[in-house]
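Results of the structural survey
Now for the letters of each chain:
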Amino acid sequence: MRHYELMVILEPNFEESQVSPTLEKFLKGVKDAGGAVDKIDVWGKRRLSYEIEKNSEGIYAVVDLQSEPAPVAELERQMRLNESVLRTKVLRPELR
């Protein structure tokens, strides 16, 4: 299993209480495939450096997870198809 870090920017009209349950729905596929979600860190609403789809703000969240590559690729695909997700970025942090 590999360690991944997922950064997500959601639309600003989301309630902050809805962010974690929404992310849990996306992460269900990773958990079902034997992966583990270590931490979901919701940063809250922040100003974007440039507009994305006419939004100047977005709700940021960072997720630490461990999984095989295939479920993470499917997670990223599902997030790109969802209209409430403005941007995503999946990283494999360097081991120290």
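Residues numbered from 1 in each chain as written. Predicted model: local features only at pLDDT ≥ 70, side-chain atom pairs only at ≥ 80, totals over all residues. Heavy atoms only, no water.

**Remarks on the nonpolar core**
Val8, Leu23, Leu65, Leu75 and Met79 are the most contacted members of the largest nonpolar core, which totals 18 residues. Sorting the residues of this core by element identifies strand E1 (2–10), helix H1 (16–32), strand E3 (55–67) and helix H2 (69–81) as the ones contributing at least two each. Looking at this core element by element, the count peaks at 5 residues for H1. Among the nonpolar cores identified, the runner-up in size contains 5 residues, and Ile9, Ile52, Tyr60 and Leu86 belong to it. (Core = buried A, V, L, I, M, F, W, Y, C linked by side-chain atoms within 4.5 Å. Buried < 20%, exposed > 50% of the residue type's maximum accessible area, 1.4 Å probe, protein only. Helix = DSSP H or I, 4+ residues; strand = E, 2+ residues; numbered from the N terminus.)

**Focus: the pairing of E1**
Of the pairings in the sheet, the one linking E1 to E3 comprises 9 bridges and is antiparallel in character. When the sheet's bridge partners are listed, Tyr4 is paired in E3 with Leu65. (Pairing = 2+ DSSP bridges.)

**What about the pattern of salt bridges?**
By the definition in use, this model includes 3 salt bridges. A salt bridge links Glu74 to Arg77; the nearest nitrogen and oxygen atoms lie 2.9 Å apart. With Glu74 and Arg77 both in helix H2 and 3 residues apart, this pair spans about one turn of that helix. Overall, the relative accessible area of 32% leaves Glu74 in the partly exposed class. (Salt bridge = Lys/Arg side-chain N within 4 Å of Asp/Glu carboxyl O.)

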